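Architecture and fold: a report
Take a look at the letters that make up each chain.
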Amino acid sequence: MTTVSVTYEEALTRYEPVFGLETHVELGTRTKMFCGCLTTFGGEPNSQVCPVCLGLPGSLPVMNRIAIEYTIKIGLALNCSIASWCRFARKNYFYPDMPKNFQISQYDEPLCLDGYLDVSVNGQTVRVGIERVHLEEDTGKSLHIGGATGRIQGAEYSLVDYNRAGIPLVEIVTKPVPGTGSLAPEVARAYVTELRDVLRSLGVSDVRMEEGSLRCDVNTSLSPLGSGAWGTRTETKNVNSLRSVERAVHSEIERQAAVLDEGGRVIQETRHFHEESGETTSGRSKEEAQDYRYFPEPDLVPVAPDAAWVDAIRTSLPELPSARRARLIAAWSLSDLEFESMRNGGALDVVEATVVAGASPRDAQKWWMGELARRANDSGVEVSALPITPADVARVSALVSAGTLNDRLAREVLDGVLAGEGTPDQVVEKRGLAVVSDDSALLAAIDEAITANPEVAEKVRSGKVAASGVIVGAVVRATRGQADAARVRELVLERLS
Amino acid sequence: MSITRDEVAHLARLSRLALSDEELDHLAPQLNQIISAVAQVQEVAAEGIPPTSHATGLANVFRDDEPVPCLTPEQALSGAPAVEMQRFKVPRILVEEG
Ligand SMILES: [Zn+2]
């Protein structure tokens, strides 16, 4: 047991962290990898199963063409080379989460090999090497009954739902990433963020970490600074949010540094991440890892994507997040920080659509990242989920530019649209919100205000222009905010000159 | 190539088969015979010829991503030895470690 504790900063004065990530992504195909069962999330237990995914005798798997295509898409987006011929393999093991007693996976012949993904942290670009991308089938979900923690340890028995068993699952494995020093936790997080955005832009997965369609295992090791040798790594499982990825690397750096400082040795093992404490605990040791007895899956023929198919998929790739980032930063004159905040706020798509609908980039950002982000936050939804379209926001912005609305009225129009009162124009009409630009109406209100404030009027007449604010304010109040204050001021000064 | 009695015991444990000492004495030599029979195939295989995994020469046999009707939960669970909460009930997976 480790007795000393080492702070993160101390650890980095003596050790160099190296991390790697294995990410599992459930593909968004309609049906499973090897059978026609639906993949919909949240169905009744064991309602999306058939003889193939239950491993019943005599059933035979057939590959889902779209799942293969999605995997090639991912490989191409991650700059991998695509295997011209590869096979699935049986991974044999004895947990009941696969009813066949094996999982169909890929072993030494992954579909995609040797690529990279560039990620940016604090304006600095780090290239994360991709070792492989392979395709397998997801496992069933177990409930462990009788233990104190709901975990497999200590359970008396388990209950298995096979709805998830057989859903196509892609595993993306990075090469070890050295040289990021104290930024290692942030780079790890940035990698998963970028990967999630790439997968989302490809449309191959809904990448919802909270529903388990994107899951990460994080490998971490330390080596004495400058030694050039790599340390023993641990694999932290169960890391299921972006924040947890960062915390898992951080806490493993501290823990391993304490072990090494004491002259101990880091054990190659699986560790479990605990969301509440942000720490990891020991799981099973890798040194006694079981032998999966991989062999080529005899029930599936090889996959041999020809060049024409791969080229067609390459041509169909959408604009990737890195290219989009570069394009938007240049076109909208953004700082890295502004871009990050828009991306992290989930507002990129709506802001871009608003610009396409005619608003200026600045105005589109102003409304989505300001007023609307606040509303979304208040009601606990993503800004893109608000009941208002980019076209509505562009129209509001246009009404402001034309002087029909001021910012205060514009916010009222947004209120009306969000409340389901119709388009911005309908809300303006129904609520009678247009700025009063008719000078004669304004002049009547101005004359009234001047009569009501004779001393102020006298001051303005004698040259104290600043005093006019009182009269302007009275006019704006009298018109219930619908007067354009700048125009009112002009008219007041004219009147009192 | 041969397989030791210990290796057979290990395989049995992985396969959740409870073998007595007598059964191990009996089965280990038999497995050895099976392995040496298979080893004869290796003598035939010429060097430089990769192991055959598929005999048909086919590749790229796919299905379209179209749903087909699956089983009802009742049908799916009809062969299960034990059922609870519409799920397959299975015995304890991990043995308590000391
Ligand atoms: Zn099925």
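When you go through chain A residue by residue, the secondary structure sums to 16 helices and 15 strands. Over its C-alpha trace chain A gives a radius of gyration of 30 Å, far above what one expects of a compact globule, namely 23 Å for 497 residues. Counting only C-alpha atoms, chain A reaches 95 × 55 × 50 Å along its principal axes. Within chain A, residue pairs in contact and separated by at least 24 positions form 69% of the contacts whose partners lie at least 6 positions apart. Element-wise, carbon and sulfur atoms account for 51% of the exposed surface of chain A, whose accessible area totals about 22100 Å². Positive and negative side-chain charges in chain A, numbering 52 and 69 respectively, have mean positions lying 2 Å apart.

To continue, consider the sheet that holds strand β3 (residues 87–91) of chain B. The sheet built from 4 strands is open, its strands ordered β8(A)-β9(A)-β3(B)-β2(B) with antiparallel pairing. The open sheet is flanked by β8 (141–145) of chain A together with β2 (83–84) of chain B, the only strands paired with a single partner. With 2 bridges joining them, β2(B) and β3(B) adopt antiparallel strand pairing. By the bridge assignment for β3(B), B:Glu84 is matched with B:Arg87.

It is worth spelling out the packing of helix α7 (residues 336–344) of chain A against helix α9 (residues 361–378) of chain A at this point. Residue and element names in this part refer to chain A. The contact between α7 and α9 brings their axes to 11 Å, and the two run at 50 degrees. Considered as vectors, α7 and α9 are oriented oblique to each other. The element α7 and its partner α9 pack so that their crossing is left-handed. Note on element contacts: α9 touches α7 through Arg362, Gln365 and Met369, opposite Glu338, Ser341 and Met342. Along the lines of polarity and charge, the residues of the contact of α7 with α9 split into 2 nonpolar, 2 polar and 2 charged.

Looking now at the packing of aromatic side chains. For the coordinates displayed, the defined rule picks out 7 aromatic pairs over all chains. Arranged with centres 3.9 Å apart and planes meeting at 10 degrees, the rings of A:Tyr107 and A:Tyr294 form a pair that is stacked. A residue pair is termed long-range when its members are at least 10 positions apart, and A:Tyr107 in the loop between β5 (102–105) and β6 (112–121) and A:Tyr294 in the loop between β14 (279–285) and β15 (295–296) qualify at 187 residues. By relative accessible area, A:Tyr107 is classed as partly exposed at 41%. The class of A:Tyr294 is partly exposed, set by a relative accessible area of 27%. Here A:Trp309 and B:Phe62 contribute two aromatic rings whose centre-to-centre distance is 5.7 Å and whose plane-to-plane angle is 55 degrees, an arrangement assigned as tilted. Here the residue A:Trp309 occupies a position in helix α5 (residues 307–315), and B:Phe62 occupies one in strand β1 (residues 62–63), the pair thus bridging two chains. On the basis of relative accessible area, A:Trp309 is assigned to the buried category, the value being 17%.

Before going further, it helps to spend a moment on the interface of chain B and chain A. Many structure descriptions define interface size as the accessible area lost when the parts assemble. Contact residues are listed per partner, giving 34 residues for chain B and 52 residues for chain A. In total, about 3800 Å² of surface goes out of reach between chain B and chain A, with carbon and sulfur atoms giving 61% of it. When the buried surface of chain B facing chain A is broken down by residue, B:Phe62, B:Arg63 and B:Asp65 rank first, second and third, together holding 19% of it. A:Arg65 is paired through a salt bridge with B:Asp64; the nearest N and O atoms lie 3.5 Å apart. The interface formed by chain B and chain A contains 23 residue pairs in polar contact (both at pLDDT 80 or more).

All names here are of chain A. In this structure, Met63, Ile68, Ile74, Phe88, Ile172 and Tyr191 are the most contacted members of the largest nonpolar core, which totals 92 residues. In terms of residue count, the dominant contributor to this core is helix α3 (residues 184–202) (10 residues). Core analysis: the second largest hydrophobic core is formed by 33 residues, Phe339, Leu348, Val351 and Val427 among them.

The next thing to look at is the confidence of the model for chain B. The predicted model of chain B averages 87 in pLDDT, with 94% of residues at 70 or higher. Reported confidence for the predicted complex is 0.75 by ipTM and 0.78 by pTM.

All names here are of chain A. Looking at the assigned domains, one finds that chain A contains domain 1 (8–309), domain 2 (319–431) and domain 3 (439–496). The centre of domain 1, based on its C-alpha atoms, is set 37 Å off from the matching centre of domain 2. The interface is formed by 9 residues belonging to domain 1 together with 8 residues belonging to domain 2. Around 580 Å² of area is buried between domain 1 and domain 2 when both sides are counted, 53% of it from carbon and sulfur atoms. At the junction of domain 1 with domain 2, the criterion picks out 2 salt bridges. Note that Asp197 and Arg343 form a salt bridge whose closest N and O atoms lie 3.6 Å from each other. Run the count over domain 1 and domain 2 and you get 2 residue pairs in polar contact (both at pLDDT 80 or more). Considering every element that reaches the side of domain 1 that touches domain 2, the biggest residue donor is α3, with 6 residues.

Residues and elements named next belong to chain A. With respect to the secondary-structure elements, Arg215 resides in strand β11 (residues 214–224). Only 2.8 Å separates the side chain of Arg215 from the backbone oxygen of Gly212, close enough to count as a polar contact. With sequence-adjacent residues up to four places away left out, Arg215 is seen in contact with Glu22, Thr23, His24, Glu26, Asp138, Arg164, Leu169 and Asn240.

Before going further, it helps to examine helix α11 (residues 407–418) of chain A. All names here are of chain A. With 12 residues, α11 should reach 16 Å at 1.5 Å per residue; the first-to-last C-alpha distance of 16 Å fits that figure. Among the residues of α11, Leu409, Ala410, Val413, Leu414, Gly416, Val417 and Leu418 are the ones counted as buried. On its buried side, α11 packs onto α9, α10 (390–401) and α12 (424–431). One or two steps after α11, the chain reaches Gly420, where phi turns positive at roughly 85 degrees.

Attention shifts here to the side chain of A:Gln256. All names here are of chain A. Here Gln256 shows up in helix α4 (residues 242–261). Since its relative accessible area comes to 0%, Gln256 is described here as buried. Apart from residues lying up to four places away in sequence, Gln256 is in contact with Thr220, Ser221, Leu222, Thr232, Thr234 and Val266.

Conventions adopted
Residues numbered from 1 in each chain as written. Chains lettered and ligands numbered in written order. Predicted model: local features only at pLDDT ≥ 70, side-chain atom pairs only at ≥ 80, totals over all residues. Heavy atoms only, no water. Helix = DSSP H or I, 4+ residues; strand = E, 2+ residues; numbered from the N terminus. Rg over C-alpha atoms; globule rule 2.2 N^0.38 Å. Contact = heavy atoms within 4.5 Å. Areas by Shrake-Rupley, 256 points an atom, 1.4 Å probe, with all protein chains shown as cover. Lys, Arg positive; Asp, Glu negative; His and termini not counted. Charge placed at Lys NZ, Arg CZ, Asp CG, Glu CD. Pairing = 2+ DSSP bridges. Axes fitted to C-alpha atoms, helices over the stretch in contact; angles between N-to-C directions. Parallel < 35°, antiparallel > 145°, perpendicular 65-115°, else oblique. Left-handed = near helix turned anticlockwise from the far one by under 90°. Nonpolar A, V, L, I, M, F, W, Y, C, P; charged D, E, K, R; others polar. Phe/Tyr/Trp six-rings, centres within 6.5 Å; stacked < 30°, edge-to-face > 60°. Buried < 20%, exposed > 50% of the residue type's maximum accessible area, 1.4 Å probe, protein only. Buried area = accessible area lost by both parts, 1.4 Å probe. Salt bridge = Lys/Arg side-chain N within 4 Å of Asp/Glu carboxyl O. Polar contact = N/O pair within 3.5 Å; in protein donor to acceptor, adjacent residues only side chain to side chain. Core = buried A, V, L, I, M, F, W, Y, C linked by side-chain atoms within 4.5 Å. pLDDT = per-residue confidence, 0-100. Domains from an automatic or database assignment. Expected span 1.5 Å × (residues − 1).

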